[in-house]
Structure formats: C-alpha cells, structure tokens
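# Descriptive structure summary
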Amino acid sequence: MSGAGERQTMGSTKKFTILHSNDMHGDFLAEQAAGGGPLSGGLALLSAYVNKVRAEEENVFYVIAGDMVQGSIIDSDFKGISTIDIMNYITPDVVTVGNHEVDYGVPHLLFLEKIANFPIVSANLYVKGFEKRLMDPYVIIEKAGFDVLFTGVITEKVIDAVRLDEVIGAFMDVHEAAAEVGRICNAYRNDDIDLTILLTHIGFESDKELAAALDPAWGVDMIIGGHSHTILEEPAVVNNILIAQAGTGTDQIGRFDITVDDETNAIVDWTWQLIPINEDLIEPDQGMVDFIARYKDEVDRKYSVVISKLTHEHTHPRREEETSLGNLMADALAAETQSDVVLLGAGSVRVERLGPMVTLMDFKGCFPYDDTVTRYTVTGATLERMFDHWMRTENRDGEGECYQVNHAVRAMYSDAEHRLVSLALNDVPVSHDTTYTVALQGYHAKNCAHYLNVTEEELQAAGPSKVVTTSAAEVLEQWLRDHQLEGRHVEGRLTYL
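Calculation rules
Residues numbered from 1 in each chain as written. Predicted model: local features only at pLDDT ≥ 70, side-chain atom pairs only at ≥ 80, totals over all residues. Heavy atoms only, no water. Pairing = 2+ DSSP bridges. Helix = DSSP H or I, 4+ residues; strand = E, 2+ residues; numbered from the N terminus. Axes fitted to C-alpha atoms, helices over the stretch in contact; angles between N-to-C directions. Contact = heavy atoms within 4.5 Å. Core = buried A, V, L, I, M, F, W, Y, C linked by side-chain atoms within 4.5 Å. Buried < 20%, exposed > 50% of the residue type's maximum accessible area, 1.4 Å probe, protein only. pLDDT = per-residue confidence, 0-100. Salt bridge = Lys/Arg side-chain N within 4 Å of Asp/Glu carboxyl O.

### Focus on the sheet that holds strand S15 (residues 241–244)
On the basis of which strands lie adjacent, the open sheet formed by six strands has the order S9-S10-S12-S13-S15-S14 and mixed pairing. At either end of the open sheet lies a strand with only one pairing partner, and these are strand S9 (138–143) and strand S14 (236–238). With direction set aside, neighbouring strand axes in the sheet form an average angle of 25°. The pairing of strand S13 (residues 222–224) with S15 spans three bridges and is classified as parallel. Within S15, the position partnered with Ile223 by the bridge is Ile243. Here helix H6 (residues 174–187) sits on the sheet in contact with S9, strand S10 (146–153) and strand S12 (195–200), set at roughly 155° to S10.

If you want it as structure tokens, here you go:
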C-alpha cells in the first residue's frame, strides 16, 4: 500500500526501509505446512531476507516489537539466553520489551538486556519511589545524516506480571503511556529529530487508541506494534500516524519503504508489505542454520523421548474458542487437582497442534510456562460472575485473557444480550448459594480482578484455598505419561450465541 502524494516535499529527502517483526516467540526453525509446500519461517530464512535487504537498500532498520522469547523449547530450556544469543547474530537495530520478556523474572530480563548486542528500549517501566526507568527509554540512531528516535511502550500484561513486585512499576494505561511518550519527544523538540517511531507491545486496537492520544506537535510518525498477533492487509492511519504489525512467529516480516523530508521531519511517501518468509523467497542463511544447531542438538538429546501417544492430532487454532487440545489439558488438570472447574489460561497452550505422538520436546513447546495451581472454593454466584466476565464479546478480540475448561463445564454466552445465559456442571445448573471448587494458575489468581472480575479476597471468602501443585507443567507431563491413547474433541463446553 502507498501513501504517495499525501504530503508535499519541502526540503531534502531520504529513503529508508524499515523491516519489523513482533511476537516471534522463539520460532527458530522453518516448518512445512500440512500437505506439503515450501519451508516457511524460521530464523535462518528470516536472517537471509534481512541480510538481502540490508545489501540491496542503503538505509535499513530492522526492529522487533516485543516477545522474542517464550514459545519454544530451545528458548525456555535456556531461559531466553539462546534467543538473545541467536538474535545477536541477526543484530536488530532496536527492540522493545514484550510481556513474555518478563516471564523469567525482572532480574533475568535485566541480565538478558546486558547480553544483547542491540538496544532494548522501554519508556514506561520504572523503579517505584525513585522514578528511575528500568531500561533505556529511547535510542536515537543517525543514518544518512537523519536522526531517528525510537522509544518503547509495554503492554499492561507486563504490569500484571510484576504487579506484586514492590519495586517495579509501570504507567497503567494508554493515556499515561502517551504522556510519557510526549515527555520524551518534548525533551528533544529543540533537536532535529527527523523521524520518530514507537515500538509498542499493547495490541493493535490499543495502538490506535495510543495514536489518537498523541499530540501531533510531538512528531510521532509511526507505531510498530505487537501482542495481538494481528495480520494486516494494510497499515492503519490514525492522527496521521502509520500503525502496523506483522502477525506472530517468523513466517512473515513487515516492510515499510518510506521517504522522509528533512525540513518538515515528516514521511512524505510510503509503501508497506507483509512479506512471506519461505524458501521460495530466499535461500536460508547457512551460518544461522549452524548457529541454531548448537542449541537444537543439545535440546534434541535431552527431549527426544516419547512420553505419550494420543488417539489423534489435537489442535488449538484460536485461544478465544474451545479447542480439542485445550480440552485435553483442562481435563488433565481437573483430574489431578480434583477440582469442579478448571480455568486453564488459553494462552498457556503455545502450539496449534499436538500429537498423536508426543515427545517431551513437543510437550515443552506446547506448555512452556510453569506455575502453581491453587484450588479455591467459591459460590455459584461468584463462579457465574467470573464466566460472564471473561466470556464477554469484547474480551475475545485477540488481546483479552480467555480460558479452556474441563469436561464437566457447559457455559453459554449470548453476544446479542451481552451476558452469560447459562452455566452448568455435569448437566446440573450452577446454584448461586452452592459452593464449587475452581483451579487457577498462579498468574491468573494474582490478576483475578482484571481477568475474572473477582478479588483475591472474594476467592478466599467461601472456603479455604489450597495450592494443589507448585508445577502445573510437571502435573500435565506426568498425566500424559500415565494416560496413553487419550483423545478429546470440541464438544460444546463453551458456546457463543
């Protein structure tokens, strides 16, 4: 798509190419689609394309809008160190923090930042009480005589991840983040910043809200985002700011080709493409193949053992809907925790398909996050309120937190009426005054007010709670080992009218 002719050139101009990725989630290896076709994605092909563009074009930036880590066994086994080491090979120009960069803890995030050979910017993570930013809030890169300012804004999910940390805080909403962007831009108003780019990890809809909240005088030209895994046909334009992201993984990369006017400090012409990364486009970077192999070979030796065979392939195509793989995982937790209801964070399941043969590597890639699971006792009224909140239409937009549930549950939500129509356990309607047990992962329990519309005090009010496991991953792995030839299908546990 082109924005040619939207602004008139007044001074000297330069052309720039901006390549962008987001939500790569440790997607290191190329894969072939079911039914055949060219190998797609993987960092060897991506690296080759970035190298090709850098060789062909004079002024190139490659940026990443968060969530480089988590989602693969190669990443999780090395706690992100492998990812940073491999990304050092590609050497992006600038990266911002995503919510999953905090999965290994804030101290480990700072360690990863130290071993990166590229700047990682975040404007709105800070140390409480001292108003000191945790990371560099911006970087200015001079290229072809033009000064380009990059700054980063984080998703509210990072706030969830560090909410109980008494030291680390963040600006809580889009408008406060916009004000922080303004402070950074204002600090350099007297300098000749030719191009200002925000790298965000707050989701596409929030990116548009952020753009609308920015004062045009601050001079922000472009928002390159992530988190919602949005695939675009063309960028959005809000408040004269270009907004784009590039889905998820490494199967594609976004590409802007822009012309910037030195006198007006504005983009006067632009095109954008979502480039599919596959072997029809380019040959893999063999150096990157060999580099990744150092980590892959070690992981293969550790995790190639078969732990289970399922009756068929299970899938998890969309986290907002009931899936066969989500059903399998939720049933396993329900059995092992002896809970009436399991609310398994749908985002905990990180693959679209699993089985029928399941190796330990397959499982680790499917469920890379580890967490406690606590069993709470709640009233039926509280349980209904929880379902009514997370099943609501506006939460199912790719940015909300959704759940997979166990076999006993039958929940029906009316999009037309914007309410939970019915909730039953084992075909018996939930009673407001009856108590039920519900299992929650620690992350979701800590953020229950935001995700489930219930406070931690309300979770404890109807009866005692119990930590039933300190490792959900270990429980699920053992269940798969103990239960061969298991199978689940989508069966109407969650229904939307």
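### A few points about the nonpolar core
Leu43, Tyr62, Ile253 and Met329 are the most contacted members of the largest nonpolar core, which totals 74 residues. It is helix H1 (residues 43–56) that provides the largest number of residues to this core, a total of eight residues. Those residues in contact with Leu43 that sit more than four places away from it in its chain are Met24, Asp27, Phe28, Ile86, Met87, Ile90, Thr250, Met288 and Ile292. Core analysis: the next-biggest nonpolar cluster, separate from the first, contains 45 residues, Ala211, Met222, Ile224 and Leu242 among them.

### Thoughts on the sheet that holds strand S28 (residues 435–441)
The strand order across the open sheet built from five strands is S24-S20-S28-S23-S29, with neighbouring strands paired in mixed fashion. Edge positions in the sheet fall to strand S24 (403–405) and strand S29 (466–469), since each has one partner strand and no second. Neighbour-to-neighbour, the strand axes of the sheet open up by a mean angle of 30°, direction not taken into account. Inspection of the sheet shows strand S23 (residues 373–379) paired to S28 by seven bridges, in the antiparallel sense.

### Details of the confidence of the model for the chain
Per-residue confidence for the chain gives a mean pLDDT of 90; residues scoring 70 or more make up 93%. pLDDT under 50 marks residues 1–9. Its contacts with residues more than four places away, or in other chains, come to 25 contacts.

### Points about unusual backbone geometry
Backbone torsion omega between Gly355 and Pro356 reads 5°, so that peptide bond is classified as cis. Among the secondary structure elements, Pro356 is positioned in the loop between strand S21 (353–354) and strand S22 (357–359). In this structure, Asn240 is a non-glycine residue whose phi angle is positive, near 65°. As for its placement among the helices and strands, Asn240 is situated in the loop between S14 and S15. In this model, Asn426 sits at a positive phi of 55°, which is unusual for a non-glycine residue. One can find Asn426 in the loop between strand S26 (419–425) and strand S27 (428–429).

### A closer look at the pairing of strand S16 (residues 252–261)
For S16, a buried count of nine out of 10 residues is recorded, marking the element as mostly surrounded by other parts of the structure. Two elements, S16 and strand S17 (residues 266–276), share 10 bridges in a ladder whose sense is antiparallel. The residue of S17 that forms the bridge with Ile253 is Ile275. Hairpin connection of S16 to S17: four residues between the antiparallel strands, including Asn265 at a positive phi of 50°.

### A word on the environment of Met135
Mapped onto the fold, Met135 is located in the loop between strand S8 (132–133) and S9. When its relative accessible area of 5% is taken as the criterion, Met135 is described as buried. When the C-alpha atoms of Met135 and Leu125 are compared, they prove to be 7.1 Å apart, with 10 residues separating the residues in sequence.

### Considering the pattern of salt bridges
According to the stated counting rule, one finds 23 salt bridges in the structure shown. A salt bridge links Arg294 to Asp85; the nearest nitrogen and oxygen atoms lie 3.3 Å apart. Placement of the pair is Arg294 in helix H8 (residues 286–303) and Asp85 in helix H3 (residues 81–90), with a sequence separation of 209 residues. Overall, Asp85 belongs to the partly exposed group, its relative accessible area being 23%. Ionic pairing is found between Glu313 and Arg353, a salt bridge with its closest N-O pair at 3.7 Å. With a gap of 40 residues between them, Glu313 in the loop between strand S18 (306–309) and strand S19 (314–315) and Arg353 in strand S21 connect regions that are remote in the sequence. You can call Glu313 partly exposed: its relative accessible area is 39%. When salt bridges with common partners are traced through the structure, they connect Asp331, Arg410, Glu486, Arg488, Glu491 and Arg493 into a single cluster.

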